[in-house]
Amino acid sequence: MRERLLYLLKHCSNLNHVETAHGFMVRTALHHDKLLLSQFIETCSSLGFSAYAHSVFSVNSQSHPHIYVFNTMIKGMTLCNSAFEALLVYKSIGRVGLRPDCYSFPFALKAVVDLRAMSLGTQIHSQAICAGLESNVHVVSALIQMYSSCARISDARKVFDEMPLASVCSDDVVVWMAMIAGYVKVGDPDTAMDLLSRMPRTQTDGAVLITWTSVIAGYAQMDRPDEAIAVFRKMQLENVVPDEIAMLAVLSACAQLGAFHIRLGECIHGYVKKRGFDQMVTLKNALIEMYSNSGNISNALPVFVNMTRRTVISWTTIISALAFHGLGTQALDMFSRMEMAQVKPNDITFIAVLSACAHVGLVNLGRYYFHAMKYRYGIQHEIQHYGCMIDLLGRAGYLAEALKLVSEMPFQPNAAIWGSLLAASNIHGDAELGELALLHLVQLEPWNSGNYALLSNIYASAGRWDKSVMARKLMRDKGVRKMPGWSFIQVSTRTHEFIAGDTSHPQFDRIHGTLFTMNEEMKTAHYDPINEFDNHDSDIGPASISYCSSF
């Protein structure tokens, strides 16, 4: 009977099942059985009936207290996002004459993390030491997670360093994993990688893979994609077989690098198909983003088309990709298909939609979507939406309306918004608006040389040479250095990067000769590069030509 009831408790799916099982337990006096009571509490918690579980626990914990039941109740409360109540149950352990064990502390520390209650966490740490469990791997792992989650990584490392790792076993690896994950969490993937290189190797392949994946994701999240890919290659050399989560992490890095690692991205795409991961929505979304960022929209579209299930993220990713490549009309058509598929857009979707309107110059449609966000879809405007709308109006020449929208929005304009207005003033030759935008940009990003150069160009285009010179002088007086221009080109599988004034490329002489030939042919064709460049940037004209000739 006990085994059958245990089986039934594990398969309850609604409140009626739970109440029936509870009634049977009371009638047969099985509600005092610690294993059955714990399973009952766990079932209630997993179904969301935490109040019911706590009421049954309260009745039984006084008459028949057992640490196993208390631990289950603490765990259940944390799963139901009732961290405060979980800690109250933990504190009541001593009142019924019990002592916390190696499972009590990790469950309680999880509640501490949820509440960010650092002072309670240090108290529980002290209690674990008093209980003689400061070297238990489960307690140590939980302490490391607690300290690192509360940004106390030095305390987490102290706990780790004091742990006597005498043998190379799977339990020890759990502690290493917690410490490595802690460094990733606080944005220190270098130290995480150093620990990973020294972590004991065991037969616990899953644990090892999780740790490698964590470090790869850490580098990608810190905008260090090159290091993320280097770690991925090291993982392959260690014969650690990547799973779909690892693929997702490295695809994120490839997406950041764009064309620099398109070949690796394509290889990962092939691997995803081979391993049968190609129906995972998150991986498909990452592939679309990777292809888009590498400039290969023709490969991104088939990935989207072949998806059997699409989420709002899938639609938003492809709309963003199309808009990013200047295919504004196709992006807006895709949004219409999204609406027909009855997928509700989110705030990120509308950033993509408004960007698409800006690329195509559809001002009226942009205005419609901007207002429809709030009144049709119930999505509040964020500063990014205002930024997109201001960019759209500025590109189209509606400078007064764009400036009016800046004054009306409930946010302080950021550098991106003033930068859009500065660019718009350059396009349409509005020196006054450009000057206003620069005054704000100097305060928000005083070391950005591009702002000063752009304002100088606006004045030069308007024939106000004195003001143009003053803008350059202001840049020099503030000690702002102009960053050298750079570009890159992919030839076959290799990407070549060029920085203005750099002569270190191994084929420098050959490139120099080709550029010289091109300049001579342009002169023969009566093409005036100096005047052409002068129309765009007064810094580029003669200097650029002399650079080409001497390169």
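An unreviewed UniProt entry lists the protein chain under the name PROP1-like PPR domain-containing protein, from Gossypium tomentosum.

Peer 1: Outline the nonpolar core, listing residues and values.
Peer 2: One finds Ile144, Ile319 and Ile390 to be the most contacted residues of the largest nonpolar core, which totals 155 residues. Counting contributing residues per domain, this core is built from domain 1 (310-389) and domain 2 (412-483), each supplying no fewer than three. Ignoring anything within four residues of it in the chain, the contact list for Ile144 reads Ala156, Val159, Phe160, Val175, Ala178 and Met179.

Peer 1: Describe the side chain of Thr43, naming the residues involved and giving the relevant values.
Peer 2: With respect to the helices, strands and loops of the structure, Thr43 is situated in helix α3 (residues 34-47). Since its relative accessible area comes to 5%, Thr43 is described here as buried. In this view, Thr43 contacts Leu9, Lys10 and Cys12; residues no more than four positions away in its chain are not counted.

Peer 1: Tell me about the pattern of salt bridges, and name the residues and values.
Peer 2: Under the criterion given, the structure shown has 10 salt bridges. Among the ionic pairs, Arg198 bridges to Asp194, the shortest N-O distance being 3.1 Å. Taken together, the residues Arg198 and Asp194, both in helix α12 (residues 189-198) and 4 residues apart, mark about one turn of the helix. The class for Asp194 is partly exposed, based on a relative accessible area of 38%. Taken together, the shared-partner salt bridges connect Asp190, Arg224 and Glu227 into one network.

Peer 1: So what's going on with the UniProt feature "transmembrane region" (unreviewed entry) in the protein chain? Residues and values would help.
Peer 2: UniProt's entry tags residues 312-328 and 348-370 with the feature "transmembrane region" (unreviewed entry), counted in the numbering of this structure. Secondary structure across residues 312-328 divides into 82% helix and 0% strand, with the first and last C-alpha atoms of the span separated by 19 Å. Counting secondary structure, residues 348-370 comes out at 91% helix and 0% strand; the distance between its end C-alpha atoms is 13 Å.

Peer 1: Could you give an account of the packing of helix α17 (residues 281-293) against helix α19 (residues 312-324), naming the residues involved and the relevant values?
Peer 2: For the pair α17 and α19, interaxial distance at closest approach is 10 Å and the crossing angle is 5°. Taken together, the axes of α17 and α19 lie roughly parallel to each other. Contact with α17, carried on its side by Val281, Asn285, Ile288, Glu289 and Ser292, involves Ile313, Ser314, Thr317, Ile318, Ala321 and Phe324 of α19 and no other residues of that element. Each residue belonging to the contact of α17 with α19 can be placed in one class, and the counts come to 6 nonpolar, 4 polar and 1 charged.

Peer 1: Which residues make up helix α15 (residues 244-257), and what values do they have?
Peer 2: The end-to-end C-alpha distance of α15 is 20 Å, a good match for the 20 Å that 14 residues give at a rise of 1.5 Å each. If you check which residues of α15 are buried, you get Ala246, Met247, Ala249, Val250, Leu251, Ala253, Cys254, Ala255 and Leu257.

Peer 1: Which residues make up helix α10 (residues 153-161), and what are the values?
Peer 2: Every buried residue of α10 is listed here: Ala156, Arg157, Val159 and Phe160. Around the axis of α10, the buried residues are gathered within 160° of arc, so they sit on the same side. In this structure, α10 carries Ser154, Lys158 and Asp161 as exposed residues pointing more than 90 degrees from its buried face.

Peer 1: Before we move on, could you go through a nonpolar patch on the surface and cite the residues and values that matter?
Peer 2: Side chains of Phe84, Leu88 and Leu115 sit close together on the surface and give an oily, nonpolar patch of about 290 Å² of accessible area. Among the structural elements, Leu115 can be located in helix α7 (residues 104-115). Judged by relative accessible area, Leu115 falls into the partly exposed class, the value being 39%.

Peer 1: Mind laying out the packing of helix α18 (residues 297-305) against α19, listing which residues take part and the relevant values?
Peer 2: For the pair α18 and α19, interaxial distance at closest approach is 11 Å and the crossing angle is 160°. When the axes of α18 and α19 are compared, the pair comes out roughly antiparallel. For the crossing formed where α18 meets α19, the hand is left-handed. Packed against α18, whose contacting residues are Ile297, Ala300, Leu301 and Phe304, the element α19 presents Ser314, Trp315, Ile318, Ala321 and Leu322 at the interface. In the contact of α18 with α19, the residues fall into 8 nonpolar, 1 polar and no charged.

Rules used throughout
- Residues numbered from 1 in each chain as written.
- Predicted model: local features only at pLDDT ≥ 70, side-chain atom pairs only at ≥ 80, totals over all residues.
- Heavy atoms only, no water.
- Core = buried A, V, L, I, M, F, W, Y, C linked by side-chain atoms within 4.5 Å.
- Buried < 20%, exposed > 50% of the residue type's maximum accessible area, 1.4 Å probe, protein only.
- Domains from an automatic or database assignment.
- Contact = heavy atoms within 4.5 Å.
- Helix = DSSP H or I, 4+ residues; strand = E, 2+ residues; numbered from the N terminus.
- Salt bridge = Lys/Arg side-chain N within 4 Å of Asp/Glu carboxyl O.
- UniProt positions renumbered as here; feature names shortened; annotations may be inferred.
- Axes fitted to C-alpha atoms, helices over the stretch in contact; angles between N-to-C directions.
- Parallel < 35°, antiparallel > 145°, perpendicular 65-115°, else oblique.
- Nonpolar A, V, L, I, M, F, W, Y, C, P; charged D, E, K, R; others polar.
- Expected span 1.5 Å × (residues − 1).
- Arc of directions from axis to C-beta.
- Patch = residues over 30% accessible without salt bridge, like charges linked within 9 Å, V, L, I, M, F, W, Y side chains within 5 Å.
- Areas by Shrake-Rupley, 256 points an atom, 1.4 Å probe, with all protein chains shown as cover.
- Left-handed = near helix turned anticlockwise from the far one by under 90°.

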